[in-house]
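Report on the structure
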Amino acid sequence: MRPFLPYFRNPHLSTLAGNFWKRAIDEARFPTRAVLYGTEPGTQVLIHENRPAGEALGEVFLHHGLEGSSGSGYMISLAQCLLEAGFAVHRINMRSCGGTEALTPTLYHSGLTQDVRAILDQFRREGRGPRFLIGFSLGGNVTLKFAGESGEAALDLVSGVCAVSTPIDLHACVRRLGARENWVYERRFVRGLKARYQRRHMSHPDLFPLDGIESVHTVFDFDNTFTARAFQFGDAPNYYATQSALRFLQGIRVPTLMVQSKDDPMIPYDLFEGAEVRGNPNITLIPTEHGGHLGFIARDQPRFWLDPLLRDWILQQRNKQGVCSV
């Protein structure tokens, strides 16, 4: 594994650089195709797919973070890296993300695993594989929860999963997000969540009443007022308690890679020191001293240190399990 030499040692600079650094897919070599997948009655999920020339080594599904989309920078550069290695890449838009509000009458939340499961199962039935799932931030929580709650059954759907900068304890991470030094992140998240909810209200006013929206100033406020109500969790603490990946990690039976920076401004690193992570032999944790949240911008080339790391791990799992795995 190539050691991570950070371009920035300040976690906030690393986080912001990771968000704004320009990245691109070579569309001339790997054109993007928009595909809709029905996952539940009345709900479709938009996936942007890119394939290499010739037969793919496998199918890799990427799951974005809070208020992200298939166009998020970390999804784009990793897709390019995987495509060059010979994998097909599927960048999933969570429900109502990436301009897909019209495709579903619901919101999304941090533990919504139904859509990923339905998509992976369709690929399994079609004999398309081997399949890998990579989640970033909130998408990492979905990925780990899916693997843990599925137990042995996940082995039929995926050959391995990866999670990066993952809020495995949602309540602890929402509290950390509310720290004074994180105001710029929380303000951006809240603005996006409220705008999305207001668009939902315009199309389905009965399903998405605006009562209380003026009192929402934090992610906790939004989850307590709207997410918990929309999915019948009762309140935010119960939502966090039932949907956090931490409580499902001991059930993981598929090869799993977790990458976490110790200086992530939004996620307390001590969450990864417990038996849930360290005690499961199926989980490999790669910690870094620096990297921020979804940053990992390297001082040297290749600049996006995370991409070849994930690519090489997936190649290793594929070779271990055999190229005929479906």
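Residues numbered from 1 in each chain as written. Predicted model: local features only at pLDDT ≥ 70, side-chain atom pairs only at ≥ 80, totals over all residues. Heavy atoms only, no water.

**With respect to the overall build of the protein chain**
Formally: Here a strand is any run of E in DSSP of at least two residues, a helix any run of H or I of at least four, and the numbering for each starts at the N terminus. In this setup the radius of gyration rests on C-alpha atoms only. A globule is expected at 2.2 Å times the number of residues raised to 0.38. Under the scheme applied here, a residue whose accessible area is under 20% of the maximum for its type counts as buried, over 50% as exposed, and between as partly exposed, the area being computed with a 1.4 Å probe on protein chains only. Contact between two residues is taken to exist if any of their heavy atoms lie within 4.5 Å; hydrogens are not considered. Methods summary: accessible areas were calculated by the Shrake-Rupley approach with a probe of 1.4 Å, and residue burial reflects only the protein chains presented. Positive charges are assigned to Lys and Arg, negative charges to Asp and Glu, while His and the chain termini are left out of the count. Taken as the charge centre is NZ of Lys, CZ of Arg, CG of Asp or CD of Glu, depending on the residue.
What the protein chain contains, in helices and strands, is 10 helices and eight strands. Its C-alpha radius of gyration of 19 Å places the protein chain within 12% of the 20 Å reference for a compact globule of 326 residues. Here the C-alpha coordinates of the protein chain stretch approximately 55 × 45 × 40 Å along the principal axes. Out of the 326 residues in the protein chain, the part that is buried amounts to 57%. By sequence separation, contacts in the protein chain at least 24 residues apart represent 74% of the contacts at least 6 residues apart. In the structure as shown, the protein chain presents an accessible area of about 13,600 Å², 52% of it carried by carbon and sulfur atoms. Between the centroid of the 35 positive side chains of the protein chain and the centroid of its 33 negative side chains there is a distance of 4 Å.

**Structural notes on the domain arrangement of the protein chain**
In plain terms, the rule: Where each domain starts and ends follows an automatic or database-derived domain assignment. Take the accessible area each of two parts loses on contact, using a 1.4 Å probe, and add the two losses: that sum is the buried area. Any Lys or Arg side-chain nitrogen located within 4 Å of an Asp or Glu carboxyl oxygen qualifies as a salt bridge.
Split by domain assignment, the protein chain resolves into domain 1 (11-169 + 244-321) and domain 2 (170-243). A straight line from the C-alpha centre of domain 1 to that of domain 2 covers 23 Å. The partner domain 2 presents 29 residues to the 33 residues of domain 1 that form the contact. Among the residues of domain 1 in contact with domain 2, Glu 67, Leu 107 and Met 266 are the three that bury the most area, contributing 25% of the side total. At the junction of domain 1 and domain 2, the tally comes to three salt bridges.

**Focus on the nonpolar core**
The following threshold applies: By nonpolar core is meant a set of buried Ala, Val, Leu, Ile, Met, Phe, Trp, Tyr and Cys residues that side-chain atoms within 4.5 Å join together.
Counting residues in each nonpolar core, the largest one holds 62 residues, and the members touching the most others are Ile 168 and Phe 272. Composition of this core by domain shows at least three residues from each of domain 1 (11-169 + 244-321) and domain 2 (170-243). Contacts of Ile 168, omitting those with residues within four sequence positions, involve Asn 141, Leu 144, Ser 244, Ala 245, Leu 246, Leu 249, Met 258, Leu 271, Phe 272 and Val 277. Ile 134, Ile 286, Phe 296 and Leu 310 belong to the second largest nonpolar core, which has 31 residues in total.

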